[in-house]
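This is what each chain is made of:
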Amino acid sequence: MRLVLEQRNLPISCLFDYELPEDSVRIYRPLGEGAFGKVYLGEYLKKEGCVFAVAIKAARDPKNLNAKLELLKEAEIMKQFKHVNILRLIGVLTQHDKCQIVTEFMMYGNLKDYLQDRRHLAAKQEINATHLTRMAVDISRGLTYLATLNYVHGDLACRNCLVHETLTIKLADFGFCKNLVDQNYNPVVYSGPMPVRWMSPEVLSTGVYHLQSDIWSFGVVLYEIITFGAHPYSTLDDYKVQDYIRSGGFPTLPQNVPSKLEALFLRIWSLNKDDRPSALELFEILTADPELLHPSPEESPSRLGYISFEAQKRQSARSSFVIGSKWASIPKTQSLHKCAHNTKQGITFSATQPTLLGIT
């Protein structure tokens, strides 16, 4: 595999600095399998002699060269990220036709399974609004970091958020991740399954990603969190979901969602991407209101998660959103930062410090 990369003179050849000795990594058992790869539990022996658990991702088809190259492109992207809420790349294995990437091991697996396995704890208040909001804060912090580097995750979903042993949430699975500077707004052509239930209307319509496309997906992630892993658009197949989203639809919200949280959902799922909050705004909103995400483990099939174009216009004109536990109606032309100290409108938080964003 390494020889092929050298012969093709690919830019990912700089991953050679991340090459691990073949005998330093040992695979134990499978952890999971996705559309493009398999993940295994293993261990990594460092030169100092210490051993620690790792996750090892390999191409689904070991004979498929393109699949291997895509996996290494993902590693090339990951090596640029150093953040507390981004899965850390440890190294790669490309010797003797191998193609594997090695990352830190996340004890509790993906967030979707973690939430589904703990639905019964919501009634006992063992997982409450504080816990759920903290998860969302971690994800928004990681998303803010990506945005500062002009990266779009492209596949943001609870299944691609991993839970560390400290219960820190980290973004993972960067197979769809794109740098907007490199992309030059060219449409993306998918060669495999598309995560349509998490995709924004503009991506479904044009194939072009923007930073605000991730914001729409983040809204679906919030929906997954408050419902403890419910499947978005559970009554529709993938083809109908695409038409539904393009026409202004979004996931069904449970009946007991508080009005201030519902208002935030509506803003996140604005048809006009420019009306959506930024990742930094979301981080600040969630940080200011540590109990914003009210647990709603029971789905409500009686309500369609849909808002008409006329309702969207009314919502955009009102532009109401939540800061902390208070309401604030602020014109779209007025930025969040300009209003940060306007106590007459009930906004009292200060600008976020870099350390709060987890940049290392």
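Everything quoted here is computed from the prediction, not taken from an experiment.

Let's shift gears to the overall build of the protein chain. Assigned secondary structure in the protein chain consists of twelve helices and eleven strands. Across the 360 residues in the protein chain, those meeting the buried criterion constitute 53%. Within the protein chain, residue pairs in contact and separated by at least 24 positions form 67% of the contacts whose partners lie at least 6 positions apart. Carbon and sulfur atoms provide 52% of the accessible area of the protein chain, an area that totals close to 17000 Å².

Turning our eyes to something else, we now look at the sheet that holds strand β3 (residues 51–59). In spatial order, the strands read β1-β2-β3-β5-β4; together these five strands make up an open sheet with antiparallel pairing. Strands at the two margins of the open sheet, each flanked by one partner only, are β1 (25–33) and β4 (89–93). Adjacent strand axes in the sheet meet at a mean angle of 30°, parallel and antiparallel pairs treated alike. Pairing geometry for strand β2 (residues 37–45) and β3, over nine bridges, is antiparallel. Bridging from a neighbouring strand, lysine 38 pairs with alanine 58 of β3. Sitting on the sheet, helix α2 (residues 65–78) is in contact with β3, β4 and β5 (100–104), with an inclination near 35° to β5.

Time to look at helix α11 (residues 279–288). Of all the ten residues making up α11, seven are buried; the element is thus mostly covered by neighbouring parts of the structure. All of the buried residues along α11 are Ala279, Glu281, Leu282, Phe283, Glu284, Ile285 and Leu286.

This part takes up the UniProt feature "binding site: ATP" (unreviewed entry) in the protein chain. Those residues carrying the UniProt feature "binding site: ATP" (unreviewed entry) are Lys57 in this numbering. Within the fold, lysine 57 resides in strand β3. Accessibility expressed as a relative area gives 17% for lysine 57, which makes it buried. With sequence-adjacent residues up to four places away left out, lysine 57 is seen in contact with Lys38, Val39, Leu71, Glu74, Cys99, Gln100, Ile101 and Asp173. A polar contact of 3.1 Å, which involves the side chain of lysine 57, links it to the side chain of glutamate 74.

Let us now look at the pairing of β5. With five of its five residues buried, β5 lies for the most part within the structure. Strand direction decides the pairing type here: β3 and β5, joined by five bridges, are antiparallel. Residue pairing for β5: alanine 58 is matched across the bridge by glutamine 100. The pairing of β4 with β5 spans four bridges and is classified as antiparallel. Within β5, the residue paired with valine 92 across the bridge is isoleucine 101.

A separate point is the packing of helix α8 (residues 211–226) against helix α10 (residues 259–268). Running from N to C, α8 and α10 point in directions that differ by 150°, and their axes come no closer than 9 Å. One element, α8, and the other, α10, form an angle in the roughly antiparallel class. Counted together, Ile215, Trp216, Phe218, Gly219, Leu222, Tyr223 and Ile226 of α8 and Leu261, Phe265 and Ile268 of α10 form the full contact between these two elements. A class-by-class count of the residues in the contact of α8 with α10 yields nine nonpolar, one polar and no charged.

This brings us to the nonpolar core. If you look at the biggest cluster of nonpolar residues, it comprises 79 residues, and the most contacted ones within it are Leu111, Ile139, Phe218 and Ile225. It is α8 that contributes the most residues to this core, nine residues altogether. Once you skip the residues sitting within four places of it in the chain, isoleucine 139 turns out to touch Leu111, Leu156, Cys161, Ile169, Leu171, Phe218, Val221 and Ile225. Leu20, Tyr44, Ala58 and Leu93 belong to the second-largest nonpolar core, a separate cluster that totals ten residues.

It is worth spelling out the packing of aromatic side chains at this point. Note on aromatic pairs: each is described by the distance of the centres and the angle between the planes. The full count for this structure, using the stated rule, is nine aromatic pairs. Measuring from ring centre to ring centre gives 6.3 Å for tryptophan 216 and tryptophan 269, while their planes differ by 50°; the resulting arrangement is tilted. Note that tryptophan 216 is positioned in helix α8 and tryptophan 269 in the loop between α10 and α11, a separation of 53 residues in sequence. The burial state of tryptophan 216 is the same as that of tryptophan 269; both residues are buried. Seen from their ring centres, tyrosine 233 and tyrosine 244 are 5.8 Å apart, and the 85° between their planes marks the pair as edge-to-face. With tyrosine 233 in the loop between α8 and α9 (238–246) and tyrosine 244 in helix α9, this pair connects stretches of sequence that are eleven residues apart. Here tyrosine 233 and tyrosine 244 have matching classes, each one buried. Taken together, Phe81, Tyr145, Tyr151 and Phe174 form an aromatic cluster joined through their ring pairs. Its end group placed over the ring of tyrosine 114, arginine 118 keeps NZ or CZ at 3.7 Å from the ring centre.

Rules of the game
- Residues numbered from 1 in each chain as written.
- Predicted model: local features only at pLDDT ≥ 70, side-chain atom pairs only at ≥ 80, totals over all residues.
- Heavy atoms only, no water.
- Helix = DSSP H or I, 4+ residues; strand = E, 2+ residues; numbered from the N terminus.
- Buried < 20%, exposed > 50% of the residue type's maximum accessible area, 1.4 Å probe, protein only.
- Contact = heavy atoms within 4.5 Å.
- Areas by Shrake-Rupley, 256 points an atom, 1.4 Å probe, with all protein chains shown as cover.
- Pairing = 2+ DSSP bridges.
- Axes fitted to C-alpha atoms, helices over the stretch in contact; angles between N-to-C directions.
- UniProt positions renumbered as here; feature names shortened; annotations may be inferred.
- Polar contact = N/O pair within 3.5 Å; in protein donor to acceptor, adjacent residues only side chain to side chain.
- Parallel < 35°, antiparallel > 145°, perpendicular 65-115°, else oblique.
- Nonpolar A, V, L, I, M, F, W, Y, C, P; charged D, E, K, R; others polar.
- Core = buried A, V, L, I, M, F, W, Y, C linked by side-chain atoms within 4.5 Å.
- Phe/Tyr/Trp six-rings, centres within 6.5 Å; stacked < 30°, edge-to-face > 60°.
- Lys NZ or Arg CZ within 6 Å of the ring centre and 35° of its normal.

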